[in-house]
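# Inside the fold
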Amino acid sequence: GGVFSDPPPFLTFYPAVLFATVVAGARGGLLAVLLSAAAEMMLFHQPTDRFLAGQGAELAMFTLTASLLVAIARALRRGMSQRVAVEEQFRIAQDGAIDAFVILEPIFEDGRIVDFLWTYANPAADRAAPEGVKGYTGRRMSEVFPGQTGVRLIARLISLTAGEGMDEVEDRWIIDGEVRWMRSFGVRLKTGVAVTYRNISAQRFAEEALREGEAQIQVLLNSLPQLLWSSRPDGYCDFFSPQWTRYTGLPPEQLLGMGWLDTIHPEDRDHVAQVWRQLIDGAPPDHIEYRIRSRDGAWRWFSGRVSFVRDQRRRIRRWYGSASDITESVEARRDLEDRVAMRTRDLEASVAERTRVEASLAQAQRLETVGRLTGGVAHDFNNLLTVIIGGLDMILRRPEDVDQVRRLAEAALAAGRRGERLTRQLLAFSRRQELKLEVTDIASLIAHIEPLVRQATGEALELVIACDADAGASRLDTAQFEAALLNLVVNAVDATAPGGRICIEAKRVSLAEGDVAGADAGDYVCIAVSDTGGGMPPEVLERVFEPFFTTKEAGKGTGLGLAQVYGFLGQCGGAVTIDSEVGAGSTVRMHLPLASQAAAQTTLEAGAPLAPKVIGARVLLVEDDAAVRAVTEALLAEMGCDVACEAEGAPALRRLQQGEAFDMVISDIVMPGGMSGLDLARAVAAARPDVPVVLTTGYTGDQSGPADEIDWPVLRKPFSADELGRMVRLALGRKEPMTADG
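Residues numbered from 1 in each chain as written. Predicted model: local features only at pLDDT ≥ 70, side-chain atom pairs only at ≥ 80, totals over all residues. Heavy atoms only, no water.

### Thoughts on the overall build of the protein chain
Check the secondary structure of the protein chain and you find 21 helices and 22 strands. Per-residue burial for the protein chain yields a buried fraction of 37% across its 742 residues. In the protein chain, once contacts between residues fewer than 6 apart in sequence are set aside, the share between residues at least 24 apart is 61%. (Helix = DSSP H or I, 4+ residues; strand = E, 2+ residues; numbered from the N terminus. Buried < 20%, exposed > 50% of the residue type's maximum accessible area, 1.4 Å probe, protein only. Contact = heavy atoms within 4.5 Å.)

This is the structure in structure tokens:
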């Protein structure tokens, strides 16, 4: 009003200029200014003098103010465009956001905040809304969360508006009856608050299950009796369970690395360290036992075990180990081992005692059989002595009758040899000896012991011996075979009434697998002893091979006869069977593996006589029996030997010690004077090892021991000139005999 007397006509053009600038920008606004000025000049034209006087100033003012309006509108347009762009970017970001974002304004009553109203919620927030809530915008907090969750959220937002303007909270929300853990970030605005929040329920539950799992593991570790540890791949131990400290009394830092080795017993330490190095170098894990010192200084046994975890390249990433206290087990094991050792010693002693008793009873069994043979043997010996004594008496009466002397001498010699054979059989049967296996022809062996068998049978029973000539040979101990056969015959005699019959048969048989229990398939020599006695019932037949089982009266049997037969057959690789029926007699069959007949022939041929002449050999003969000494001296002299005689061992030894020259010594084993033939032989071996010794014996008694323990050749009495000559020749061997003058 101070510049223009009337409202200027161009005021109506300002809105157009403003609109053009907002819509089309600065260029549109300036164009609108020019168009508005032109229109004002045409619509409100005045004479020139008037225009120049006032209207020109108005136009100039309009142009200036309109241009300023264009500049202001341009700035306003740019700000609006930027706001729209920011809002669009915010919308796009919130539409794709994972986290929920909401803006809330406080609701006041009586000057205090009682609730909050959602004014904005992004899609993520709406998706997390409770069931039945179709978006948060325009709703109250207490409406959406009517329970304790809403109360806590309102209280939290009130605190946010009154506080420092920002917070971060993890809180438990109850949505649709389920617990959901939310982590939220709140910011105070001028007119309200903005909150971003995320559902962390899965993470929180996993963490809770882990802070709980770890607690359970810790409780479990603390409750285990084992000492646990862990190590890096290079063997550096960097973890020890609390049990180590509780047991050893040492803090974990003293156990780190290889410090734990100081707790190991000095005797076990090097071995444990070596095993640990081998494990690190690639040896397979295994358990090891060692001792660990406790805090009170005691040593206890532990069993250590190791395992490991590999990475994707199959390299060991971590070692894990445990040590379990096994002291009680070790002590129990050692106690058991001691008890087993003691029991083993007791058992061995018991077995030795049983063996001794069984051997004694077996000896008694043999002696019982010998005793039963005594009568028949005495009868045979009387017959033999009758031939010998009568023949020699006739020779002495008529020495000039050469033919009669020869005939009677041959008869006496034959009778003597029969007596020798009978005596040797009795000694072999009755003596103790180890099993000595030799290949022997069975038919010949049975024929050899036939006299003893007939004596055992007696005259009241019929004895039939039917052995095939080609029955074959077997590898056995002849004395044991004779004892076994005699046992079977004696048993048959006991079971057979007078007038009955006993039959001994030998033949070759072939057995298939399973034909005879305990015998493999193959060829055998079968020796059968059968009788016509009363037989045995099945309950007795089942036990006949049991040691000490007998059906005989007390004092008439040891019960070892058939057990001895069973053991003998087993040692020879054979088997024994019994067929018996009450009232129909019994048959016992011994099956011995067939051996090469050539081996048996070689054994028999080995005893062929050697040349008897040993001219010029100087022999020291030691024999206490004057008659035997005279005969032996005559036989040696007949061979061409120079013989010196002594009746006892002591004077014979003195002659040797004094340097008297002899090529050999022949001595009886059993002699008086305190020095046996064995004692003399040992003394000769020590003093004159170059002088061979031959021992003679009729019965060694208990002085010789087992035959295989005598280191010198033994000549059994009675012996012939040929046997004596062969023994002398063998003893001298390659040694050149001395001449008569030494």
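### Observations regarding the sheet that holds strand β10 (residues 316-325)
The sheet built from 5 strands is open, its strands ordered β7-β6-β10-β9-β8 with antiparallel pairing. On the outer flanks of this sheet lie β7 (237-240) and β8 (288-293), each paired with one strand and no other. The average undirected angle you get between the axes of adjacent strands in this sheet is 30°. Inspection of the sheet shows strand β6 (residues 227-231) paired to β7 by 3 bridges, in the antiparallel sense. Considered in β7, the bridge of S231 is made with C237. (Pairing = 2+ DSSP bridges. Axes fitted to C-alpha atoms, helices over the stretch in contact; angles between N-to-C directions.)

### Describing the pattern of salt bridges
A full pass over the atoms with the stated rule returns 25 salt bridges. When the shortest N-O distance is used, the salt bridge between D99 and R198 registers 2.5 Å. Taken as a pair, D99 in the loop between α2 (48-95) and β1 (100-109) and R198 in strand β5 (residues 193-199) lie far apart in primary sequence, 99 residues in all. The closest approach of N and O atoms between R291 and E267, which form a salt bridge, is 3.1 Å. (Salt bridge = Lys/Arg side-chain N within 4 Å of Asp/Glu carboxyl O.)

### Brief notes about a nonpolar patch on the surface
Nonpolar side chains collect at one region of the surface, where M61, L64 and L68 lie side by side and expose about 280 Å² of accessible area between them. The topology assignment puts L68 in helix α2. (Patch = residues over 30% accessible without salt bridge, like charges linked within 9 Å, V, L, I, M, F, W, Y side chains within 5 Å. Areas by Shrake-Rupley, 256 points an atom, 1.4 Å probe, with all protein chains shown as cover.)

### Describing helix α9 (residues 266-280)
Taking 1.5 Å of rise per residue, the 15 residues of α9 would be expected to cover 21 Å, and the 22 Å separating its terminal C-alpha atoms lies within 8% of that figure. Where α9 is buried, its residues contact β6, β7, β8, β9 (299-310) and β10. Once α9 ends, the next one or two residues include G282, with phi positive near 115°. (Expected span 1.5 Å × (residues − 1).)

### Here's the deal with helix α20 (residues 677-687)
The complete set of buried residues in α20 reads G677, L678, L680, A681, A683 and V684. Lining the buried residues of α20 we find β18 (618-622), α19 (649-657), β20 (664-668) and β21 (693-697).

### A short note on the pairing of strand β17 (residues 586-595)
For a regular strand, the rule is simple: side chains alternate between the two faces of the sheet. Bridging between strand β13 (residues 473-476) and β17 involves 2 bridges; their strand directions are antiparallel. Each bridged residue has a counterpart across the sheet, and for S474 the counterpart in β17 is L594. Here strand β15 (residues 522-531) runs beside β17; their pairing, made up of 8 bridges, is antiparallel. In the sheet register, C526 faces β17, and the bridge partner there is H591. Direction of pairing for strand β16 (residues 575-580) relative to β17: antiparallel, over a ladder of 6 bridges. Note on β17: the bridge partner recorded for S580 is S586. The hairpin turn running from β16 into β17, its antiparallel successor, is 5 residues long, and G583 in that turn takes a positive phi close to 85°.

### Overview of the confidence of the model for the protein chain
Across the protein chain, the average pLDDT comes to 79, with 79% of residues at or above 70. In the model, residues 554-559 has pLDDT below 50 throughout and makes 15 contacts with residues more than four positions away in sequence or in other chains. Predicted confidence is poor over residues 601-612, with pLDDT under 50, and the contacts of this stretch with residues over four places away or in other chains come to 11 contacts. (pLDDT = per-residue confidence, 0-100.)

### As for the packing of aromatic side chains
Applying the stated criterion to the full structure yields 10 aromatic pairs. Taking the centre distance of 5.6 Å and the plane angle of 65° together, the rings of F145 and W173 count as edge-to-face. Of the two residues, F145 sits in the loop between α4 (141-144) and α5 (148-162) while W173 sits in strand β3 (residues 166-175), which places them 28 residues apart along the sequence. Comparing F145 with W173, the two get one shared label, buried. In this structure an aromatic cluster arises from ring pairing among W118, Y136, F145, W173 and Y197. (Phe/Tyr/Trp six-rings, centres within 6.5 Å; stacked < 30°, edge-to-face > 60°.)

### Some words on unusual backbone geometry
A positive phi angle, close to 55°, is found at D110, a residue other than glycine. Note on placement: D110 falls in the loop between β1 and β2 (112-121). Its identity is not glycine, yet R314 carries a phi of approximately 70°, on the positive side. Tracing the backbone through its elements, the reader meets R314 in the loop between β9 and β10.

### Topic: the side chain of R688
In this fold, R688 is placed in the loop between α20 and β21. A polar contact is formed between the side chain of R688 and the backbone oxygen of L656, at a distance of 3.4 Å. (Polar contact = N/O pair within 3.5 Å; in protein donor to acceptor, adjacent residues only side chain to side chain.)

### As for the sheet that holds β21
Spatially, β19-β18-β20-β21-β22 is the arrangement adopted by the 5 strands of the open sheet, whose pairing is parallel. The open sheet has two edge strands, β19 (642-646) and β22 (714-716), and neither has a second partner. The average undirected angle you get between the axes of adjacent strands in this sheet is 20°. In this structure, β18 lies alongside β19, joined through 5 bridges in parallel fashion. In the sheet register, V619 faces β19, and the bridge partner there is V643. Running over the sheet, α20 touches β18, β20 and β21 and is turned about 180° from β21.

### Some thoughts on the packing of helix α13 (residues 450-457) against helix α14 (residues 478-495)
Direction vectors running N to C along α13 and α14 enclose 20°, while the axes themselves pass 9 Å from each other. Taken as axis vectors, α13 and α14 run roughly parallel relative to one another. Note on packing geometry: the crossing formed by α13 with α14 is right-handed. Of the residues in α14, those touching α13 at L452, V453, A456 and T457 are L485, L486, V489, V490 and V493. Residues that form the contact of α13 with α14 fall into these classes: 8 nonpolar, 1 polar and no charged. (Parallel < 35°, antiparallel > 145°, perpendicular 65-115°, else oblique. Left-handed = near helix turned anticlockwise from the far one by under 90°. Nonpolar A, V, L, I, M, F, W, Y, C, P; charged D, E, K, R; others polar.)

### Observations regarding the nonpolar core
I442, F481, L485, I527 and M590 are the most contacted members of the largest nonpolar core, which totals 38 residues. Put simply, the parts of the chain that give this core at least two residues each are α12 (442-448), α13, α14, β14 (501-511), β15, α16 (561-571), β16 and β17. The greatest single-element share of this core, amounting to 9 residues, is contributed by α14. Look past the residues within four positions of M590 in its chain and what remains in contact with it is F481, A484, L485, L488, V525, C526, I527, V565, L569, A575 and V576. Judged by nonpolar contacts, the second largest core, of 24 residues, contains A125, A129, V144 and V195. (Core = buried A, V, L, I, M, F, W, Y, C linked by side-chain atoms within 4.5 Å.)

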